[in-house]
Amino acid sequence: MPEPVKKTAFAKKPKTQEALEASSVVFEAETEKPDAKVKWQRNGRDLADGDKYAIAANANKHSLTVKEVTREDADVYSVIAGGSKVKFELKVLSKESSCQREAPSEAPEPSVSQEPPPASSTQEDTTVHSVHGAPPSEDGHPPDTRQDLTGLFTEKPQSGEVTVGGNITFVAKVNAESLLKKPTIKWFKGKWMDLASKSGKHLQLKESYDRNTKVYTFEMLILDAKANFAGAYRCEVLSKDKFDSCNFQLTVHEACAAEGFDIRAAFRRTSTDGREDSGELDFSTLLRKRAVQISSEPDVDVWDILSHAPASEYEKIAFQHGITDLRGMLKRLKKMKKEEKKSAAFLKKLDPAYQVTKGHKIKLAVEVANPDVDVKWQKNGQEIQPTGSKYIFESVGNMRYLTINHCSLADDAAYCCAVGEEKCTTELFVKEPPVQIMKNLEDQMVMKGERVEFECEVSEEGANVKWEKDGTELTRDESFKYRFKKDGCKHVLIINEATKEDGGHYKVKTNGGESVAELMVQEKELEVYQSIADLTVKAKDQAVFKCEVSDENVKGTWYKNGLEVKPNARINITHIGRIHKLTIENVKPEDEGDYTFVPDGYAFNLSAKLNFLEVKIDYVPRQDPPKIHLDCMGHTAESTIVVVAGNKLRLDVPITGDPAPTVVWTKGGKVITDGDGRVHVETTKGHCIFTIEGAERQDEGMYSVVVRNPAGEDTADINVKVVDVPDPPQAPRVLSVGEDSCVVQWDPPVFDGGQPILGYVLERKKKKSYRWMRLNFDPYAETTYEAKRMIEGVEYEMRVYAVNSIGMSCHSPASQPFVPVAPTSEPTGLCVDDISDTSITLKWRAPERIGSAELEGYGVEYRKEGTDEWIPAIQGLTERTSLVIRDLTTGDKVQFRVRAFNMAGPSAPATLAQPVTIREIMQRPKIWLPRNLRQTLIKKVGDTVNLVIPFQGKPRPQVTWSKDGQPLNSTFVSVRNSDTDTILFIRKSERNHSGAYDLLVQIENVEDTAKVMLQVVDVPGPPEALKVMDVWGFNVALDWKPPKDDGNCEITGYRVQKADKKTMEWFTVFDQYRRTNCVVSDLIMGNEYVFRVFTINPVGPSPEPRQTKDGVYIQKTGMDYKFPTFKEPDFSEAPKFTHPLVNRSVIAGYNATLSCSVRGIPKPKVTWYKNKMDITNEAKYRMLSKQGVLTLEIRKPCPFDGGVYACKAVNASGEDVVECKLEVRPQIAKEEKK
């Protein structure tokens, strides 16, 4: 981006002026705008209108008047308007020096005074940090202080000043918290010179990174600064799609010349090789020395002279006015000419740069001179067409507007407004808003080997996100362990075949937020939802063994008595989903045995027994009474039959009787019929069958079967028990929470399903999530569980399942939301601060670790020795870290403890090491006199005296003050006492308050004393008996006596002053003079003088001096002044080549040059030779000479132009020659190349 050209706010700047003492001086300035606010400063401090300074303003004219100038007013002043600041100086001349300058003498060679350079820093090493107070650049323009465009810089490098040979550091800081990669920084001088390649002796580039604040610090250190280092610099920082830049200035001041001037040192050379005769002559020292000469002519604006002078006179004018940096002078003149060119088409141009947030709109405005003119808007050099609602063009009077709606990254470009051939340009920076996470990650629990997907949604499509696991960034690797999927605003992290090592906390981060979720990976454990049951069947019936497991992909093998069962025409093995079946048709006696199902890959099995029921048919005569045969494996008729709820209940009861009996089924005295669709009663020959489809809990009970025939009847009771999964437990209760855990408790379910409760399964979830995560896979037998691995500060909920042999219940209601928070650590530093017969004062410090929850307060408890009961010292909690416990029994031994409380409950207690006996401890009185009161305390008259003296003693001691052995007078002094200190206060001290103040602290017969010496001092009186003892030549001898009043302190000296009776202006001759007599010298002949003397002590000088009664006249005597003579220096030097000619080999047909450098005084005459022949007038050759560098250009040489070339330099002091060989090679023809 091109650097903006900023104009100064001043049309006329104030200049440095000289003024005599006691006179007034006026500084004037004119601003470009009449309503500009102007501020005057002296040495960086604001000046206000008053008795000393008069500040006036009239339209755009402003003035500062300094009244009654003294030597103390000589300083650097400045005037500020807007962003421009101009410095100038006030020089104060004494009247004696003014008289000497005005005295007629032989007219010296006139010289033009130079405007002094701006004040430079006295420090050799400077670091530029501050934004405010940046010095103006050399041409008067303020430094570039534009606001940052993208906000990458937290601290920009600022303009600075340095003296030649000094060091300066420019610092830039970049906040990397929102950056995904390390930023790249570049330093430039001017527009294009990259300083990275210039690092070395004079330039060093450094960088550092603070991991705590996430801030990069970049430094550019300039060592041993030189004058040509001054100029404009630029710092650019780039991070992916973000960019920022900053411009700043470096001003290099010349070093101050030494007082002693050596004419030989003025003509030093610029060589760095250590040889005296190498390098070019540097006259800058001599020129700076001449610039210090005082001139009686008025100040001249050298830049005004240069701007109106022809270019051929620049060097002469610069030499006269002491300007040594010719290149800098030319740059400044070029800028001055550019500033004079004002735009004819634009009254107000575009700003150098604009910034807008992505999705917002921005309006660019310019003011044109002609209200009827048409303007053209361009983007990156292409004209913008008014299509759609993207761009809106407006013309209101002289204003022209371009509005860009819904700005995107494509609108980040350079824009231009053109009026005819004249243009004004700007740059638009589009800033992306921070990417927010709209849908957070959710915790997941998976089995080993399963696929895991973490999904989140962000606020912007195509945004970049960063995935981390336990603080380590995730990237695509060769094993494709992690895959990253992006679908619009959705971002997905995919983990193939999760392992135990993949468990942990996963985090997704954007530049606007982050989200965390936990992954738990469990080993696969197979659950048995329904086990196989024992069967009892009879011949030719069907036997079905059925089981259900948790994984539908698990296969298994059936075994009979340890041998694998193979399917055949009668035996069928099926696997549908999670259910495995073994079906045996037409059961035979050999099918009886132990059947086992073994799941593949798991070390357990399910077993059951098949019992074959053999029906024996005996011959029964007619009229055989009915009989119920329930001889099933030794079971009695009242045996209990267990059926799982939802399964089919089939009671197949063998019966006999002749004739065939009738069968009646009853339950609770009620006859059961086929009326209910689920109940079926069937009677066949030799059997009665009772079937219930889908057994329910109400089907449980005692069933009776009655068989009757004419021969009699028989009855049997069958107890049917329906078992089911248990009812869900009640909502769990959170008993306590920890830093990453909690303890929950619940009550067993009201109904256990008819089977004992095997255990419980717990689940948890975050309050704002919808995914429940199981905490245990094996049933947990207790009703209290500690859940771990939670995130502190996140709100959770818990729920519980009950498990019996039938299965798992529905989940319980969710618990009340809770937040895992750890109790604080115990309070520290518990100790006894004070103790009496009935009370004790405890104090302690806050815990070292408080955690994420606020500290609610402290609980203080105590117990008497020999008991275990802790008694609260106060009701509730206290927020203070100290407490007074009262109403204790004297002589008891009591133990104390303090606990900190927060949301998680009490912390571990902090307990005293041993019990404390409640009894006041006698303490001897002791005064702790402060160190500053152990010596005489000196105060000025009128000062406030406030003495605070701490002491100790128990019980409370009696405090007594006295002065010089007498009680204190309460009219001028007041005393306040406390348990631990005493204060003596005098509001306004006087001389008679001086003396020794005694402090007595007493407890019964034991006491302690201290003494404080107070000395109240004042200014002294004037000396006594001042008289003139003698007068001779230019000298006067004075004598006086010490004052009567020394101000109650030692006299440190006297101040002697003189005054000419004509002006009566006083000048100090001696200050802090210790003796009572002196000789005043260097008086002016023909003048009459009076003298006065002040007395000085540490408080200050006496208010009134002692003055001589009569004046002293200095007699005139003749005197001749002999002017010194100087020897004219000889600057001549014979020519000498500092860089010789070098042998060269060139190709024919291409221009060739030979170069060398020479020095000599006066400027030598240069002649070129070829083969010792003068070629000065040859048209084939062109000779150039620029600042001692000699160049011979040979136009399209041919092979005949080869030979020995020589360059000869001649002046009045001698000559020098240098030679080289030139070889011209013929061109290679294209055919030869082929």
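Residues numbered from 1 in each chain as written. Predicted model: local features only at pLDDT ≥ 70, side-chain atom pairs only at ≥ 80, totals over all residues. Heavy atoms only, no water.

## Remarks on the side chain of asparagine 804
Position of asparagine 804 among the secondary structure elements: in strand β63 (residues 796-804). In terms of polar contacts, asparagine 804 uses its side chain to reach the backbone carbonyl oxygen of aspartate 724, at 2.8 Å. Ignoring sequence-local partners within four residues, the contact set of asparagine 804 consists of Asp724, Val725, Pro726, Asp752, Gly753, Gln755, Pro756, Ile757 and Leu758. (Helix = DSSP H or I, 4+ residues; strand = E, 2+ residues; numbered from the N terminus. Polar contact = N/O pair within 3.5 Å; in protein donor to acceptor, adjacent residues only side chain to side chain. Contact = heavy atoms within 4.5 Å.)

## Here's the deal with the environment of threonine 31
Relative to the helices and strands, threonine 31 is located in strand β3 (residues 25-31). Judged by its relative accessible area of 1%, threonine 31 falls in the buried class. Beyond its immediate stretch of four places on either side in the chain, threonine 31 contacts Ala9, Phe10, Ala11, Ala36, Val38, Asn60, His62 and Ala81. At 2.8 Å, the side chain of threonine 31 forms a polar contact with the backbone oxygen of lysine 33. (Buried < 20%, exposed > 50% of the residue type's maximum accessible area, 1.4 Å probe, protein only.)

## Considering the packing of aromatic side chains
Taken as a whole and assessed by the stated rule, the structure comprises 23 aromatic pairs. With a centroid separation of 6.2 Å and an interplanar angle of 25°, the aromatic rings of phenylalanine 27 and tyrosine 77 are classed as stacked. Taken as a pair, phenylalanine 27 in strand β3 and tyrosine 77 in strand β8 (residues 75-81) lie far apart in primary sequence, 50 residues in all. Residues tryptophan 187 and phenylalanine 248 carry aromatic rings whose centres are separated by 6.2 Å and whose planes lie at 80° to one another, so their mutual orientation is edge-to-face. Taken as a pair, tryptophan 187 in strand β14 (residues 184-189) and phenylalanine 248 in strand β19 (residues 242-253) lie far apart in primary sequence, 61 residues in all. Neither residue differs from the other here; tryptophan 187 and phenylalanine 248 are each classed as buried. An aromatic cluster is defined as three or more aromatic residues linked by ring pairs; in this entry it consists of Phe27, Trp40, Tyr77 and Phe88. (Phe/Tyr/Trp six-rings, centres within 6.5 Å; stacked < 30°, edge-to-face > 60°.)

## Thoughts on the sheet that holds strand β26 (residues 382-383)
In sheet architecture, strand pairing relies on hydrogen bonds along the backbone and comes in two forms, parallel and antiparallel. Across the sheet, five strands lie side by side as β23-β30-β29-β25-β26; this open sheet has mixed pairing. Looking along the sheet, the strands with just one partner apiece sit at the ends: β23 (353-357) and β26. Sheet topology note: the strand β29 (residues 414-419)/strand β30 (residues 422-431) ladder contains six bridges and is antiparallel. Bridge assignment links alanine 414 to a residue of β30, and that residue is glutamate 427. (Pairing = 2+ DSSP bridges.)

## What to know about the pattern of salt bridges
A side chain with one charge can pair with a side chain of the opposite charge if their charged atoms come near. With the rule as written, the count across this model stands at 51 salt bridges. In this structure, lysine 469 and aspartate 470 form a salt bridge, with 3.3 Å as the shortest nitrogen-oxygen distance. Between glutamate 763 and arginine 799 there is a salt bridge, with the nearest N and O atoms lying 2.8 Å from each other. Of this pair, glutamate 763 sits in strand β60 (residues 757-766) while arginine 799 sits in strand β63, placing them 36 residues apart in sequence. As far as burial versus exposure is concerned, glutamate 763 and arginine 799 are alike and both buried. Beyond isolated ion pairs, a larger network of salt bridges with shared partners links Arg42, Lys52, Asp73 and Asp75. (Salt bridge = Lys/Arg side-chain N within 4 Å of Asp/Glu carboxyl O.)

## Focus on the pairing of strand β98 (residues 1203-1211)
As paired elements, strand β94 (residues 1165-1170) and β98 share six bridges and run antiparallel to each other. Looking across to β98, one finds that lysine 1170 is bridged to tyrosine 1205. When β98 meets strand β99 (residues 1214-1225), the two strands line up antiparallel, connected through nine bridges. Each bridged residue has a counterpart across the sheet, and for cysteine 1207 the counterpart in β99 is valine 1218. Count of turn residues in the β98/β99 antiparallel hairpin: two residues.

## Let's talk about the confidence of the model for the protein
Residues of the protein with pLDDT of at least 70 account for 87%, and the chain-wide mean is 82. Long-range and interchain partners of residues 1-7, a stretch whose pLDDT sits below 50, account for 23 contacts in this model, where long-range means more than four residues apart. The low-confidence segment residues 632-637, where pLDDT is below 50, has seven contacts with residues more than four positions distant or belonging to other chains. (pLDDT = per-residue confidence, 0-100.)

## Describing the environment of aspartate 594
By secondary structure assignment, the location of aspartate 594 is in strand β47 (residues 593-599). A relative accessible area of 41% means that aspartate 594 is categorised as partly exposed. Separated by 16 residues in sequence, aspartate 594 and leucine 610 have C-alpha atoms that sit 6.4 Å apart. Every residue in contact with aspartate 594, bar those within four places of it in the chain, is listed here: Tyr559, Lys560, Asn561, Ala608 and Lys609.

## Comments concerning the pairing of strand β32 (residues 444-447)
Side chains Gln444 and Val446 of β32 all project onto a buried face; the interleaved residues Met445 and Met447 project onto the opposite face, where all are buried too. Pairing of β32 with strand β39 (residues 513-522), which is carried by four bridges, proceeds in the parallel orientation. Bridge pairing links methionine 447 to glutamine 522 in β39.

## Quick look at the sheet that holds strand β36 (residues 482-487)
Pairing within the open sheet is antiparallel, and its four strands lie in the order β31-β33-β37-β36. In this open sheet, the two strands that pair with only one neighbour each are β31 (437-439) and β36. The sheet shows a mean angle of 30° between the axes of neighbouring strands, direction not considered. Taken together, the two bridges between β31 and strand β33 (residues 452-458) define a ladder with antiparallel strand orientation. (Axes fitted to C-alpha atoms, helices over the stretch in contact; angles between N-to-C directions.)

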